[in-house]
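Chain residues, written in single-letter form:
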Amino acid sequence: MLESIEISHFNGRRKGDSIMSGGIIALLTDFGNRDGYAGIMKGMLLSCDPELKVVDLTHEIEPFAVISAAYILYSAWAFFPEGTVFCAVVDPGVGSSRGIVLASVKERTVIAPDNGVISLLCRMYPGLEVFSLKSNHPALPGGTSATFHGRDIFAPAAALLASGKGEELKGEAVNPVISESFRIHNDRGRRILHSRIIHIDRFGNSISAIHSGDLKGGHSFVRLKIGSRVVTEMVQTYQGAEAAIPVCLFGSSNFLEIAVRQSSAAQLLGISIGDEISLYYR
Amino acid sequence: MLESIEISHFNGRRKGDSIMSGGIIALLTDFGNRDGYAGIMKGMLLSCDPELKVVDLTHEIEPFAVISAAYILYSAWAFFPEGTVFCAVVDPGVGSSRGIVLASVKERTVIAPDNGVISLLCRMYPGLEVFSLKSNHPALPGGTSATFHGRDIFAPAAALLASGKGEELKGEAVNPVISESFRIHNDRGRRILHSRIIHIDRFGNSISAIHSGDLKGGHSFVRLKIGSRVVTEMVQTYQGAEAAIPVCLFGSSNFLEIAVRQSSAAQLLGISIGDEISLYYR
Amino acid sequence: MLESIEISHFNGRRKGDSIMSGGIIALLTDFGNRDGYAGIMKGMLLSCDPELKVVDLTHEIEPFAVISAAYILYSAWAFFPEGTVFCAVVDPGVGSSRGIVLASVKERTVIAPDNGVISLLCRMYPGLEVFSLKSNHPALPGGTSATFHGRDIFAPAAALLASGKGEELKGEAVNPVISESFRIHNDRGRRILHSRIIHIDRFGNSISAIHSGDLKGGHSFVRLKIGSRVVTEMVQTYQGAEAAIPVCLFGSSNFLEIAVRQSSAAQLLGISIGDEISLYYR
């Protein structure tokens, strides 16, 4: 196994070389901030290219919570500069035969395990191009750690992508794994959108997969059911809600969420990720 | 609502332009590190100016804990380089009519909601200059998200400030909202300073609003009362305390705190933020 | 006490000066991410040298957990670029008479309290050179805070080291404090390696001090005992394990760990840091 970096592919690249990218890499993992795993990925990235700008998007995804990761990846996408390489390592299948994909749209790229992490990007950006990672690229060591692909595969591959060598890493075009959690079922007869809770944020706001675009065409909100609870208020801002009354609003990424002003909707209503919701419209 | 960045005001600014700042922005929020909100602010800042150095001061302020934020903002102020722009987004009133302020002293600037976050700066730096944010500046989009001002208003405004365009954003001079929590009441007759706990740190050290300067003029510590508990020891360092004995000391920002060596004073004494304390002096 | 930075030693150093390092500093502390302590260290580092690249390795070491810190420091060492200065502040003895050490090997350096934080580096790199910090260096203020050496001593010293002035800070060669937790006792007669759990990661993987090198010479794993529990499976990857069955594997830094696939071994087996283990081999 790898005990130190071997970055022959990057050899000779030193500060001041024209090959230096100054590229931006945004990290999205479930490694947490307490074990050094995320920090070690940053060390590896800087070993590959000391000029990289490495930005922590988040390392506090719930362990193995691919759905939350997919939501956060989409919500960040357009707000990072063009050229940004997202490195999304939420990877319950590390060490198995799951593939690794490269996906690009709007001048940004992500490298991620092929496990659904790019599901919401796929839904929201029909032009997303997805390729498998060429695993036999010389920069990607064969005798790598079986347990820490973030350090040994994703980091050097992301560094290559950020330095403009993405083409070398592209394998075949592939149809990526898509999670069912982001699918909307529209019952037009009864005028109900069926969806799920895909993320619960720090404040307890409970975010569904229903995008403001799903209610287009003159339709408007009537009420939302989640389990046995009904939410009847739709507001524009958290401050528009009365205290202790659950409300619906379209949040900062334009997905429908359930919120309680200065309190936790998830706690008050007992909401969990994956819970089904029904949005009644007219 | 905003679905991607529109940074026309920054257009044409690319690496190498003389307009590039390389400025430092220090972020102080209650967004947490798990939802990507803080990361998205960083993406937005780099979209405005890829040369910015964005430093996480903290994103783990207790949700809506304006008092803790005010303490940490002050405690960091003088230790960041001159020219630093602090971006302090602890904002329970997002979406309401609360204002936004720009405050400057000692060659550093902060942009924050006008809700008391700059209270301790005001108390400790009488020369602090405070202005309202000109909300109609072309770099600050009108059709912004009602729920994520950190991304849509604070980040682009902070990027402008860091690139030396602060003057354009300054509105009227204003008297900012000041929190009562930082006021000291000196009962000179009975020789008691009345104050409150303003922050409890990770180690359980419980920090009050009493500054070492409040005991000047030859006065010295006799004892401290908090609820029904009395602390009679005053030490210079945590190591100066005996095990399991609560002590007082002036901490790293020169505010009086209650501590227990290698243990949690807050837990042992049941201290909460906002608790009243009485410092008896002679 | 220090209320603001006094960085006379760094005076005159401004962007563009040839003395600028662009050096990398990796921070490893138990300060947490919620109080601003880690952020203030970053501010201090940038005040000393605005060109530094400051990387958060982790600030979420359990308070005072020197053993975990020693493990993470070693596991990160070789993956950061040559020239990196690690600044490791896990320091239960702050304010006492404990020393501060500088240790170097493989073109990387660490500054740390002399309390065992460099124990695993010492064991794994016999060539590690260790010196005391010259505490009377003019860049290190005498009238410093008694409680926040991370800000007042470690940060300016690390900035000096990263700018190539390490020689000035070196005092005498010293024998550092070594923790017993990393010692392996090999009972060759009964073919048992005795060791301890030195770190438990976010996923509950419980890492021991037994390195893959300790089993060299044709020996192989038979079983592991921890308390009354026995682990009989040895696998290559987490995915190689059956659900709910504790297994052993050599992790990403080549130390033996106990894991359960997509679950927490520490929780399932009730493992704590410091627990003794016995590895039976043949």
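Residues numbered from 1 in each chain as written. Chains lettered and ligands numbered in written order. Predicted model: local features only at pLDDT ≥ 70, side-chain atom pairs only at ≥ 80, totals over all residues. Heavy atoms only, no water.

(A) Region of the structure containing the interface of chain C and chain A. Listed per partner, the contact involves 38 residues of chain C and 40 residues of chain A. Between chain C and chain A, a total of about 3,100 Å² is buried, with carbon and sulfur atoms accounting for 56% of that surface. For the pair chain C and chain A, the number of links is one salt bridge. A salt bridge links Glu60(A) to Arg202(C), with the nearest nitrogen and oxygen atoms 3.2 Å apart. Linking chain C with chain A are 17 residue pairs in polar contact (both at pLDDT 80 or more), by the criterion used here. Where the side of chain C that touches chain A is concerned, the elements lending two or more residues are β2 (53–58), α2 (66–77), β9 (192–200), β10 (206–211) and β13 (247–250) of chain C. Broken down by element, the residue count for the side of chain C that touches chain A peaks at five residues, all from β2(C). Of the residues assigned to the side of chain C that touches chain A, the class counts are 16 nonpolar, 15 polar and seven charged. (Contact = heavy atoms within 4.5 Å. Buried area = accessible area lost by both parts, 1.4 Å probe. Salt bridge = Lys/Arg side-chain N within 4 Å of Asp/Glu carboxyl O. Polar contact = N/O pair within 3.5 Å; in protein donor to acceptor, adjacent residues only side chain to side chain. Helix = DSSP H or I, 4+ residues; strand = E, 2+ residues; numbered from the N terminus. Nonpolar A, V, L, I, M, F, W, Y, C, P; charged D, E, K, R; others polar.)

(B) A look at the sheet that holds strand β1 (residues 24–29) of chain B. Residue and element names in this part refer to chain B. The seven strands lie next to each other as β2-β1-β3-β5-β4-β6-β7, forming an open sheet whose pairing is mixed. Taken across any chain shown, the strands that pair with only one partner, and hence form the sheet edges, are β2 (53–58) and β7 (170–173). Within this sheet the neighbouring strands show an average axis-to-axis angle of 30°, counted without direction. Pairing between β1 and β2: five bridges, direction parallel. Looking at β2, one finds that Leu28 is bridged to Thr58. This element, helix α1 (residues 37–48), spans β1, β2 and β3 (85–89) of the sheet and lies at about 155° to β1. Lying on the sheet, helix α2 (residues 66–77) is in contact with β1, β2, β3, β4 (100–105) and β5 (108–113); it crosses β5 at an angle near 170°. (Pairing = 2+ DSSP bridges. Axes fitted to C-alpha atoms, helices over the stretch in contact; angles between N-to-C directions.)

(C) Layout of the interface of chain C and chain B. Contact residues are listed per partner, giving 40 residues for chain C and 38 residues for chain B. The junction of chain C with chain B conceals about 3,100 Å² of combined surface from both sides, 56% of it contributed by carbon and sulfur atoms. For the interface between chain C and chain B, the tally reads one salt bridge. Per element, the largest residue contribution to the side of chain C that touches chain B is eight residues, and it comes from helix α1 (residues 37–48) of chain C. Here the residues of the side of chain C that touches chain B are counted per class, giving 17 nonpolar, 13 polar and ten charged.

(D) Structural detail: the relation of the copies chain C and chain B. For the pair chain C and chain B, the superposition axis carries a translation of 0.0 Å, the fit reaches an RMSD of 0.0 Å, and the rotation angle comes to 120°. Given the turn and translation reported, the copies of this chain are related as if by a three-fold rotation axis. Comparing interface residues between copies, only 10% of those in chain C also lie at the interface in chain B; the contact surfaces differ. (Least-squares fit on C-alpha atoms with pLDDT ≥ 70 in both.)

(E) Layout of the pairing of strand β4 (residues 100–105) of chain A. Residue and element names in this part refer to chain A. By the criterion of burial, β4 is predominantly enclosed, with five of the six residues buried. Connecting β4 to the next strand, strand β5 (residues 108–113), in antiparallel fashion are two residues, including Lys106 with a positive phi near 55°. As judged from the four bridges shared by β4 and strand β6 (residues 129–133), these two strands associate in the antiparallel manner. When the sheet's bridge partners are listed, Val101 is paired in β6 with Ser132. (Buried < 20%, exposed > 50% of the residue type's maximum accessible area, 1.4 Å probe, protein only.)

(F) The arrangement of the nonpolar core in detail. By size, the foremost hydrophobic cluster in this structure holds 73 residues, and its most contacted members are Ile111(A), Val110(C) and Ile118(C). Apart from residues lying up to four places away in sequence, Ile118(C) is in contact with Leu73(C), Val101(C), Ala103(C), Val110(C), Ala112(C), Leu128(C), Val130(C) and Pro176(C). (Core = buried A, V, L, I, M, F, W, Y, C linked by side-chain atoms within 4.5 Å.)

(G) Summary view of the sheet that holds β4(A). Pairing within the open sheet is mixed, and its seven strands lie in the order β2-β1-β3-β5-β4-β6-β7 (chain A). Taken across any chain shown, the strands that pair with only one partner, and hence form the sheet edges, are β2 (53–58) and β7 (170–173) of chain A. Neighbour-to-neighbour, the strand axes of this sheet turn through a mean angle of 30°, independent of strand direction. Each of β1 (24–29), β2 and β3 (85–89) of chain A touches helix α1 (residues 37–48) of chain A; the most contacted strand, β1(A), lies at about 155° to it. In the packing of α1(B) onto the sheet, the strands contacted are β1 and β2 of chain A, and the crossing angle to β2(A) comes to about 145°.

(H) Highlighting helix α2 (residues 66–77) of chain A. Residues and elements named next belong to chain A. For α2, spanning twelve residues, the distance from its first C-alpha to its last is 16 Å, which sits close to the expected 16 Å at 1.5 Å a residue. Here α2 lies mainly inside the structure; twelve of its twelve residues are buried. Along α2, the residues that are buried comprise Val66, Ile67, Ser68, Ala69, Ala70, Tyr71, Ile72, Leu73, Tyr74, Ser75, Ala76 and Trp77. (Expected span 1.5 Å × (residues − 1).)

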